[in-house]
Every structure is written in structure tokens, then in C-alpha cells.
Amino acid sequence: QVQLVESGGGLVQAGGSLKLACVASGGVFSITDMGWYRQAPGKERELVASITRLSTTTYYADSVKGRFTIARDNTKSTLYLQMASLNPEATAVYLCWAECGRGHADRDYWGQGTQVTVSS
């Protein structure tokens, strides 16, 4: 079992920056990939960024590429999302995601989400 707890959300002005954190606990050694999803009211949940176990590979949605940076610190079991040049379109609930290896099948774990609101 893995628990994920996000923090760092809040209200920020357009053009500003915000850093999210996700602390994993429980069976953290089974975690492989991690990432951030976001969901705005009336919109489908989308993958914002993901990162592999050893941070050798990252993925960014086109909408955030060049402005967001995903990172992880495995010694602290923590995932980060540094968000810069924020615009109102980034307003959403941001959810931490972790994939865990479980033999034949991987399992997905989700945090509760943290609200990010970007004002103009």
C-alpha cells in the first residue's frame, strides 16, 4: 500500500510560480513511475508531467512544456512540480500519481489532490 499526500497548492497571480510536493509513504520501494495529473471543472483529467524511477526520463504535456519542471527525491520519497509562468488555464486540482510494480501487474495510486488557482 502506498499513500500520497500533496501540498503546495494555492492562489497565485498570472505569471507567477508555485511548487507542489507529494510525499509518499507505505510501500515506497515498489514505486516506479510518478507523475502529476490535473483536472479542472468540466474538463477531463490530463497528465501534466511524469518521471521515471531514477529521473532518467521525463514527460511533459505540450501545454506546460518549458514552464513546468517535474523532479523527485527518492531519499525523501517526495515528488515535486515546479510551475512557472502560470496562466489561468493552469487552474485545476493537481493530483499526485504513482505506479507500483506488483509482479505481473502494476498498480496505480492517487493522492487527494491540491487546488491551484491562477488569477489574472
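**What to know about the state of the cysteines**
What the rule picks out here adds up to one disulfide. The disulfide partner of Cys22 is Cys96, and the S-S distance across this bridge is 2.1 Å. Between Cys22 and Cys96, the disulfide has an S-S torsion of -80 degrees and is therefore left-handed. Taken together, the residues Cys22 in strand E3 (residues 18-26) and Cys96 in strand E9 (residues 92-102) connect sequence positions 74 residues apart. Summarising the burial analysis for this pair, Cys22 and Cys96 share the class buried. The thiol sulfur of Cys100 is not disulfide-bonded, and the nearest other cysteine sulfur, from Cys96, lies at 10 Å. The class of Cys100 is buried, set by a relative accessible area of 0%.

**Describing the pairing of strand E4 (residues 31-39)**
As paired elements, E4 and E9 share seven bridges and run antiparallel to each other. The residue bridging Ile31 from the neighbouring strand is Cys100, located in E9. Both E4 and strand E5 (residues 46-51) contribute to a ladder of five bridges, which runs antiparallel. Along E5, the bridge assignment pairs Trp36 with Ala49.

**Quick notes on unusual backbone geometry**
Phi is positive for Ser55, which is not a glycine, with a value near 65 degrees. Counting through the fold element by element, Ser55 comes out in the loop between E5 and strand E6 (58-60). The phi dihedral of Ser85 falls on the positive side, at around 50 degrees, and the residue is not glycine. Summarising the element assignment, Ser85 is placed in the loop between strand E8 (78-83) and E9.

**Here's the deal with the environment of Ser77**
One can find Ser77 in the loop between strand E7 (68-73) and E8. Distance in space between the C-alpha atoms of Ser77 and Arg45 is 24 Å, their sequence separation being 32 residues. Beyond its immediate chain neighbours, meaning those up to four positions away, Ser77 contacts Cys22, Val23, Ala24 and Val28.

About the thresholds
- Residues numbered from 1 in each chain as written.
- Predicted model: local features only at pLDDT ≥ 70, side-chain atom pairs only at ≥ 80, totals over all residues.
- Heavy atoms only, no water.
- Disulfide = S-S within 2.5 Å.
- Helix = DSSP H or I, 4+ residues; strand = E, 2+ residues; numbered from the N terminus.
- Buried < 20%, exposed > 50% of the residue type's maximum accessible area, 1.4 Å probe, protein only.
- Pairing = 2+ DSSP bridges.
- Contact = heavy atoms within 4.5 Å.

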